Structure formats: structure tokens, C-alpha cells
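Each chain, written out:
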Amino acid sequence: MNDIANLGLAEAARLVRARQVSPVELVEASLARIRAHDGVLRSFITVFEEQALQVARAAEMLSAAGHELGPLHGVPLALKDNVALRGSRTTAGSKLLADWLPEADATVATRLRQAGALFIGKTNMHEFAWGGTSANPHYGAVRNPWDTDRFPAGSSGGSAVAVAARLCFGAIGTDTGGSIRLPSAINGIVGLRPTYGRVSNHGVIPLAWSMDTVGPMARSVEDCALMFGAIAGFDPKDAASAPRAVDDYLQDLEGGCRHLRIGIVPGYFFEHLQAPVHDAVKAAIAAFVELGAQVVEVDIGHIHGNISAQLTIESVEPSTYHQRNLRERPGDYGDDVRTLLEAGEMLLATHYLQAQRYRALLRAEFLEAFRRVDVFVCPSLPFAATRIGETSVEIEPGRPEDMLSAIMQFTGVASLTGLPSLNVPCGFDPDGLPIGMQLIGRPFAEAALLRAGHAFQQATDFHRRAPALA
């Protein structure tokens, strides 16, 4: 069972097509891992044990008849619990939606079903996706499989842990300020935040409308590319959806990164980091150079204001969405989320508009910079996993600082500008905790990010390492 659970998503899909592994075997392997480990990890809110087995048996019968639904036929995936699934409890990690049964699937769920995937469960998350620790007061704190005393980051912490711990073969997360990339980095997996508008948000409970994205989380770039190809594309049900054709994200995956121009921003990308993070990302850039890439220093004049602008927008928009429930049912929110929502109501319209003006300026500076570079490379976050329950972090020894603002030091760049961003594992700290780097690309240039990330993974083995769960 463990051998099957350790298969990558793309490999599992190939073996199902070749009838060397059955969908039932994939589901049974995942369920065995869930039973063995999720009592501690708390990565799932709901597990569809019998339902997943029924769908797997149907997928196996279709395979035996020579019929496949799509490239993910029979592969068990997990959905973050803010993604609607028809007739299945969808809580968004909250008490307010504890019994909500959606009447329709989110578009992303529909597209995964059409590609042949089946769902093994809904993953735990920071309540309403508003936070970066996944310490959920209603469904339990998600724990990092590399060290269960450590946090998994968030808000898609359950999805990241389920993938890293081999409880499923891939998962869907959502990313507003970094909620795919942060837990992907902390848990040693790959996570893609697509260009804003590239994947439909229809049927996904919002956090901040103007920054929300949905994306894949898996153990390799190839796995993410396979999932992404299934969910990307225009959706008329989402007003922000971009009417652009979808690329074949696997076609040029082996294209390598020779002549790739890697942008770095001096004075920001490698400032204010824990030493192991600095060294790991620097070594990753050196590996890219050995593969034929070149490094270009680029000045982004206004980059230092991104955290303040991001926190302003990501405070005001959630408080708008939750305004009625915050007045009528304040006690049903966790203390941390209620505090953030109340703080968002204290911000002025001028604060919000100035943040949006800054946002437009920062995007323009990055688009201009892409005349000189193909991708930017920086850390995904400036520190490795802290202990569960800590609200501050020491990036520089002896100087504790607020966790929420520190955690978004680098992810806010892509969130504000709407650019695609890919987390790729690039090392480990002295305690054996994963470190991730972030690749940021041009609008709708996810294929270039995936190609570069895949080239890096072909030359390294960080993504092949697994947490040693008892």
C-alpha cells in the first residue's frame, strides 16, 4: 500500500491507463494512509471513504471496457474545503457553514471530474482562508508531517499536508496572499498560483475577490502541470475569468531552461531571511545557471510597499463579504479571524484606494521588467516552519515579529500584481524542514514557470524526499 501511495500523480495516471494499477488500489492506498496518520495530522475535515471506493470501482469498470474519462482517470484527489462539492459538506473551515451542502459543484470540481479524477475528501484549512497557520479552532490544528510540533502554514495547510504525507495524489488549494505557495514551501511540495482569471473561482467561497485564485498542489511540477491543464480555462460563470485559450502544459515541459533569464531584485529578494532559506535559494539559482540560465538584476522601485498594500486589500474585502455574519453571529468565528475581520472594518476607503493605486504601479513595474527577464526567482517565505501556536517569528535572531506580515514578504508580489507564481522545493534547514523557492512569471505564462521548475527538479531530488511518518 505504501508503495502505491508513494506514486506521483502523473505516474499513477499512467499506470491506470496501462492497467498496471487500478483506481481501487489507489483509493485503498490513500485511505490506509489517512487511517494511519490523519488522526495526528488533521489534514482532512471530511473523508469520502465509501463514496470514493464506489467511484473507483466504476472507474475500474470503465477502464476494463477500454473507456477513460480523461488524463486523471481514477486518480484520488482532495479538495480544499472552501470549494463547493454538490451534496457534500463544505465548511470553509468554519462553524457558520458546518452543515452546508452545496447544490452544485464549483467549476474546478466539475472540470476535475470531467478529467476522470475522483475525490477522496475535503481538506482542513484556516477558517474562511483568512490566516496563514491552519490552526483551525473548529476542526483542529493541521500539523506538519515533517515535524508534527510544527505548523504547516496556510490557509491551504490541509491540502499541502495531505499531499506531502501521501494521503492523496494531488489536491486543490486556493491562494489569495500566498495560501497555496506558503504551505507548499513549508511542507516540501509543488504549488501553483495561476494568473488571476486563469482558473474559475465560481463555487469557491471567497476571501478577497480581487486576488483569489484556485490552483493545483502536488509532489512534482509534472503532477501540477497535469492537474492545471484540467482546471484552467474560461468560465462564463466567473465574471473575472479570462477568455484566453489554454496551453498544453505538458507539451514543452522537457524544454529545459537554457538561455532562461532569471530576474532578482537586489535589496529585497535576499534581505531579511533566515540563513538556511537564503543559502538554499541562492544554491537553487546557481543550479539554474549550471543548467544554462543567466541571472539579471532588476530594480523594482516600489516593491517595498507590497506587504502593507496586500494586508489592506486582504482586510477590507473579507470584511465586506462577512459584514452581515460578523454582526449577527460574531461568536461563531474563531478569535483570530473575528479580530482580523473587525480590523478590516476600521480601514478607510482612502486606505483601500491607495492600496489599489499602489497595486497598479507595482504591476506596471513588473510588466516593464519582463522586457529584460523571463521569470523572477525568490524565496517563498523568509523562514522555515515554526512551532504550532506561535504568533511571532524570529527571522533575525533576537528580533521577534508578527507572523502574518512576515509570512507574506515575498508571496504578496504575485498576489497584488495578479502574476502566476510557482513554489518549488529547493532545500532543507538543519532541522530537516523543507524550504521552497518561488518562480514568478508573465501573465498567463504558467507554461514557462512549469518548464523551468521541471528542469530544476530533473537536476535535484528535493521533491522526492518524504516525511518519515511512523
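Up top is the structure.
Keep in mind that this is a model prediction, so the values were computed, not measured.

Engineer: Any chance you could explain the overall build of the protein chain here in plain terms?
Structural biologist: Looking only at helices and strands, the protein chain has 16 helices and 15 strands in total. The burial tally for the protein chain puts 62% of its 470 residues in the buried class. A sequence separation of at least 24 residues applies to 76% of the contacts in the protein chain between residues at least 6 apart. Summed over its atoms, the accessible surface of the protein chain is roughly 17400 Å², and 50% of this surface lies on carbon and sulfur atoms. Within the protein chain, the 51 negative side-chain charges are centred at a point lying 3 Å from the centre of the 41 positive side-chain charges.

Engineer: Sorry, what's going on with the environment of Gly-74 here?
Structural biologist: Within the secondary structure layout, Gly-74 lies in the loop between helix 4 (49–64) and strand 2 (76–80). Expressed as a C-alpha distance, the spacing of Gly-74 and Arg-113, which sit 39 residues apart in the sequence, is 9.7 Å. Each residue touching Gly-74, except ones within four places of it in the same chain, is listed here: Pro-23, Leu-26, Ala-59, Gly-116 and Leu-118.

Engineer: Explanation requested: the pairing of strand 13 (residues 399–402) in the structure shown.
Structural biologist: Across four bridges, the pairing between strand 12 (residues 392–396) and strand 13 is antiparallel. In the strand pairing of strand 13, Glu-394 is matched with Pro-400. Remark: two residues form the turn of the hairpin made by strand 12 and strand 13, two consecutive strands paired antiparallel; Gly-398 in that turn has positive phi of roughly 80°.

Engineer: For this particular structure, what's the right way to read the pairing of strand 2?
Structural biologist: Each regular strand carries side chains that alternate between the two faces of the sheet. Burial of strand 2 is extensive: five of the five residues sit out of reach of the surface. Burial along strand 2 is two-sided: the face carrying Pro-76, Ala-78 and Lys-80 and the face carrying Leu-77 and Leu-79 are both buried. Each parallel crossover has a hand, and for strand 2 linked through helix 5 (residues 107–114) to strand 3 (residues 118–123) it is right-handed.

Engineer: Sorry if this is basic, but what is going on with the packing of aromatic side chains here?
Structural biologist: The geometry of two aromatic rings is summed up by the distance between their centres and the angle between their planes. By the definition in use, this model includes twelve aromatic pairs. Look at Phe-428 and Phe-462: their rings are 6.4 Å apart centre to centre, the planes differ by 50°, and that puts the pair in the tilted class. A residue pair is termed long-range when its members are at least 10 positions apart, and Phe-428 in strand 14 (residues 421–428) and Phe-462 in the segment after helix 16 (446–459) qualify at 34 residues. By the ring-pair criterion, three or more aromatic residues cluster together here, those being Tyr-268, Phe-269, Phe-366, Phe-370, Phe-376 and Phe-410. The cationic tip of Lys-282 hangs over the ring face of Phe-270; the distance from NZ or CZ to the ring centre is 4.4 Å.

Engineer: Mind showing me how you'd approach the nonpolar core here?
Structural biologist: The nonpolar side chains of soluble globular proteins are, as a tendency, buried together. Counting residues in hydrophobic clusters, the biggest one holds 99 residues, and the most contacted among them are Leu-112, Phe-269, Phe-376 and Met-437. With eight residues, helix 8 (residues 221–231) is the largest single contributor of residues to this core. Filtering out sequence-adjacent residues up to four positions away, Phe-269 remains in contact with Gly-263, Ile-264, Ile-303, Phe-376, Val-377, Cys-378, Pro-379 and Phe-410. Counting residues in hydrophobic clusters, the runner-up holds 29 residues, among them Leu-96, Ala-185, Tyr-333 and Ala-385.

Engineer: How should I be thinking about unusual backbone geometry in this particular structure?
Structural biologist: The bulk of non-glycine residues show a negative phi, and the bulk of peptide bonds are trans. The omega torsion of the bond from Gly-154 to Ser-155 falls at 15°, within 30 degrees of zero and hence cis. In this structure, Ser-155 sits in the loop between strand 5 (140–141) and helix 6 (157–164). In this structure, Arg-42 takes a positive phi of about 55° despite not being glycine. Looking at the element boundaries, Arg-42 is found in the loop between helix 3 (23–41) and strand 1 (44–47). Positive phi is not limited to glycine here, since Arg-166 has a value of about 65°.

Engineer: I'm lost on the side chain of Asp-235 in this one. Help?
Structural biologist: Secondary-structure assignment places Asp-235 in the loop between helix 8 and strand 9 (261–264). No salt bridge is formed by the buried Asp-235; the nearest opposite charge belongs to Arg-111, separated by 4.8 Å.

Engineer: Can you walk me through helix 8 in this structure?
Structural biologist: Owing to its 3.6 residues per turn, the α-helix aligns residues three or four sequence positions apart on the same side. Taken across its eleven residues, helix 8 has nine buried, putting it largely inside the fold. Residues Val-221, Asp-223, Cys-224, Ala-225, Leu-226, Met-227, Phe-228, Ala-230 and Ile-231 constitute the buried set of helix 8. Just past helix 8, the residue Gly-233 takes up positive phi, approximately 130°.

Engineer: So what exactly am I meant to see when it comes to the sheet that holds strand 15 (residues 434–441) here?
Structural biologist: In sheet architecture, strand pairing relies on hydrogen bonds along the backbone and comes in two forms, parallel and antiparallel. One open sheet accounts for eleven strands, arranged 1-3-2-6-8-7-14-15-11-9-10; its pairing is mixed. Of all the strands in the sheet, the pair left with one neighbour each is strand 1 and strand 10 (294–297). Ignoring strand direction, the axes of neighbouring strands in this sheet form an average angle of 30°.

Engineer: I would appreciate a short explanation of the pattern of salt bridges in the present structure.
Structural biologist: Once the charged atoms of two side chains with opposite charge are near each other, the side chains can pair. Considering all chains together, one arrives at 20 salt bridges under this definition. A salt bridge links Glu-222 to Arg-14, with the shortest nitrogen-to-oxygen separation between them at 3.0 Å. Of this pair, Glu-222 sits in helix 8 while Arg-14 sits in helix 2 (residues 9–17), placing them 208 residues apart in sequence. Under the relative-accessibility criterion, Glu-222 is labelled partly exposed at 23%. The partner of Glu-396 in a salt bridge is Arg-399, and the shortest N-O contact between them spans 2.8 Å. Taking the relative accessible area as the measure of exposure, Glu-396 reaches 27% and is therefore partly exposed. Judged by relative accessible area, Arg-399 falls into the exposed class, the value being 56%. Overlapping salt bridges, with partners in common, bring together Lys-95, Arg-329 and Asp-332 in one network.

Conventions used here
Residues numbered from 1 in each chain as written. Predicted model: local features only at pLDDT ≥ 70, side-chain atom pairs only at ≥ 80, totals over all residues. Heavy atoms only, no water. Helix = DSSP H or I, 4+ residues; strand = E, 2+ residues; numbered from the N terminus. Buried < 20%, exposed > 50% of the residue type's maximum accessible area, 1.4 Å probe, protein only. Contact = heavy atoms within 4.5 Å. Areas by Shrake-Rupley, 256 points an atom, 1.4 Å probe, with all protein chains shown as cover. Lys, Arg positive; Asp, Glu negative; His and termini not counted. Charge placed at Lys NZ, Arg CZ, Asp CG, Glu CD. Pairing = 2+ DSSP bridges. Right-handed = clockwise from strand over helix to strand, strands pointing away. Phe/Tyr/Trp six-rings, centres within 6.5 Å; stacked < 30°, edge-to-face > 60°. Lys NZ or Arg CZ within 6 Å of the ring centre and 35° of its normal. Core = buried A, V, L, I, M, F, W, Y, C linked by side-chain atoms within 4.5 Å. Salt bridge = Lys/Arg side-chain N within 4 Å of Asp/Glu carboxyl O. Axes fitted to C-alpha atoms, helices over the stretch in contact; angles between N-to-C directions.

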